[in-house]
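# A look at the structure
Listed below are the residues making up each chain.
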Amino acid sequence: MARLLILGGTAEAAELAARLAGDDRLETVTSLAGLTQMPTATAGRVRRGGFGGPDGLAAFLKQENYQALVDATHPFAAQIARHAAEAAEAAGVPRVRLLRPPFERTPGDRFILVPDMAAAAAALPDGARVFLAAGRREIAAFAARKDLWCLVRMIEPPAAGEAFPAGEVVVGRPPADPEAEIALLQEHRIGWIVSKDSGGRAGAKIVAARRLGLPVVLVERPPQPDGPTVSTVADSIAWIEATLFAAPRA
Ligand code: NAP
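Structural notes, computed from the coordinates. (Residues numbered from 1 in each chain as written. Predicted model: local features only at pLDDT ≥ 70, side-chain atom pairs only at ≥ 80, totals over all residues. Heavy atoms only, no water.)

### Considering the pattern of salt bridges
Pairs can form between side chains of opposite charge once their charged atoms are near each other. On inspection of all chains with the given rule, the structure shows 16 salt bridges. A salt bridge links aspartate 126 to arginine 145; the nearest nitrogen and oxygen atoms lie 3.9 Å apart. Of the two residues, aspartate 126 sits in the loop between helix H4 (117-123) and strand E7 (129-133) while arginine 145 sits in the loop between helix H5 (140-143) and strand E8 (149-154), which places them 19 residues apart along the sequence. Given the relative accessible area of 71%, aspartate 126 is considered exposed. (Salt bridge = Lys/Arg side-chain N within 4 Å of Asp/Glu carboxyl O. Helix = DSSP H or I, 4+ residues; strand = E, 2+ residues; numbered from the N terminus. Buried < 20%, exposed > 50% of the residue type's maximum accessible area, 1.4 Å probe, protein only.)

Quick look at the structure:
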């Protein structure tokens, strides 16, 4: 049986694990960083926690005899993606990056591209009412802007004592339906959106902004390591098939 490691923490990683679950040629393990208390349900075996850098991951791949690695981590999880590339190279294990496409650009979009969340906070006009879809570590950049009112959507509630901007928090994952996002934005009289260019399901807020004509301060993606990259779960399965099961050419 071939052993496959999926670096997860995304909807795509969970979908890939679910689609491989019935494949009896494969033993699949999904690795989660272990930061989220309520991760997406994942089929098959799951391990949690960091590896201790690229050397730790390379040792893990070798000791546990993995034959392939799918890095399906989030487009903004730059460190683990870099570590995965280095570790796979060192361990001689084939790796593919599963990277969902960025948000679609259409004529009329009011995107203001910035390199990071600090630049996003600086780009907002005085007194703006902002919808902020950001992780816990990214909120602090906005807390210093005392003039802003922020509707913050987070997957998990903030811890007590965390630096936080004035406004409200909605706890939950992004809805797939732009109409739900439009209703939320209108209810809170939002004038500006701040988002990472995550792509995928989080796109409903971008569609909502487009329909309402709202400007979006969009944090650009970090650079990705060189090497094979696919953008869909189906293409990652084709890569697994070709890498692990294709008959060698005569
Ligand atoms: P990161 O900065 O790239 O990684 C930080 C460290 O966390 C890594 O060096 C690694 O520790 C550990 N790590 C990250 N992903 C791991 C995984 N799947 N399995 C085992 N260890 C992992 O990552 P991050 O931005 O904090 O994201 C953490 C996780 O949340 C990722 O798995 C990612 O897919 C998911 N996520 C991130 C975002 C985002 O916006 N960044 C959004 C949604 C989901 P060691 O060096 O000790 O191995």
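### Quick word on helix H1 (residues 11-20)
Inspection of H1 places Glu12, Ala13, Ala14, Leu16, Ala17 and Leu20 among the buried residues, and these make up the whole buried set. Check the buried side of H1 and you find it contacts strand E1 (2-7), strand E2 (26-32), strand E4 (68-71), strand E5 (95-98) and helix H8 (233-245). (Contact = heavy atoms within 4.5 Å.)

### So, the site of the ligand
In the vicinity of the ligand, 23 residues are found, and the nearest of them are Ser31, Phe51, Gln79, Ile80 and Lys196. Between alanine 78 and the ligand, the recorded distance is 3.5 Å, taken from a backbone N or O atom to an oxygen atom. Considering the ligand on its own, with 810 Å² of exposed area, one finds that the protein chains cover 79% of that surface. Sorting the residues of the shell around the ligand by element identifies E2 and helix H3 (78-91) as the ones contributing at least two each. Residue contributions to the shell around the ligand peak at four residues, all from H3. (Near = heavy atom within 4 Å. Polar contact = N/O pair within 3.5 Å; in protein donor to acceptor, adjacent residues only side chain to side chain. Areas by Shrake-Rupley, 256 points an atom, 1.4 Å probe, with all protein chains shown as cover.)

### So, the packing of H1 against H8
At a closest axis distance of 10 Å, the pairing of H1 and H8 adopts a crossing angle of 50 degrees. Comparing their axes, H8 and H1 come out oblique. Classified by chirality, the crossing of H8 by H1 is right-handed. From H1, Glu12, Glu15, Leu16, Arg19 and Leu20 reach across to H8, where they touch Val233, Ala234, Ser236, Ile237 and Ile240. Class assignment for the residues of the contact of H1 with H8 results in six nonpolar, one polar and three charged. (Axes fitted to C-alpha atoms, helices over the stretch in contact; angles between N-to-C directions. Parallel < 35°, antiparallel > 145°, perpendicular 65-115°, else oblique. Left-handed = near helix turned anticlockwise from the far one by under 90°. Nonpolar A, V, L, I, M, F, W, Y, C, P; charged D, E, K, R; others polar.)

### So, the pairing of strand E11 (residues 216-219)
Of the two faces of E11, the one carrying Val216 and Leu218 and the one carrying Val217 and Val219 are both buried. The pairing of strand E6 (residues 111-114) with E11 spans four bridges and is classified as parallel. In the sheet register, valine 114 faces E11, and the bridge partner there is valine 219. With four bridges connecting them, strand E10 (residues 192-196) and E11 associate as parallel partners. Bridge assignment links valine 194 to a residue of E11, and that residue is valine 217. (Pairing = 2+ DSSP bridges.)

### Remarks on the nonpolar core
By size, the foremost hydrophobic cluster in this structure holds 20 residues, and its most contacted members are Ala120, Leu124, Val130, Leu132, Phe142 and Val194. Secondary-structure elements contributing two or more residues to this core are H4, E7, E8, E10 and E11. If sequence neighbours within four positions are ignored, leucine 124 has contacts with Val130, Phe142, Arg145, Leu148, Trp192, Val194 and Val217. Core analysis: the next-biggest nonpolar cluster, separate from the first, contains 17 residues, Leu20, Val96, Val230 and Val233 among them. (Core = buried A, V, L, I, M, F, W, Y, C linked by side-chain atoms within 4.5 Å.)

### Brief notes about the packing of helix H6 (residues 178-187) against helix H7 (residues 204-212)
In the contact formed by H6 and H7, the axes pass within 8 Å of each other and the chain directions differ by 60 degrees. Between H6 and H7, the interaxial angle falls into the category oblique. Handedness of the H6/H7 crossing: right-handed. Contact residues: H6 offers Pro178, Glu179, Glu181, Ile182, Leu185 and Gln186, while H7 offers Ala204, Lys205, Val207, Ala208, Arg211 and Leu212.

### Considerations on the sheet that holds E11
Picture the strands of a sheet paired through backbone hydrogen bonds; they go either parallel or antiparallel. Read across the open sheet, the six strands follow the order E6-E11-E10-E7-E8-E9; overall the sheet is parallel. Of all strands in the sheet, those with a lone pairing partner are E6 and strand E9 (167-171), marking the two edges. Taking each pair of neighbouring strands and ignoring which way they run, the sheet shows an average axis angle of 20 degrees. Its contacts with the sheet place H7 against E6, E7, E8, E10 and E11, and it is angled at close to 150 degrees to E10.

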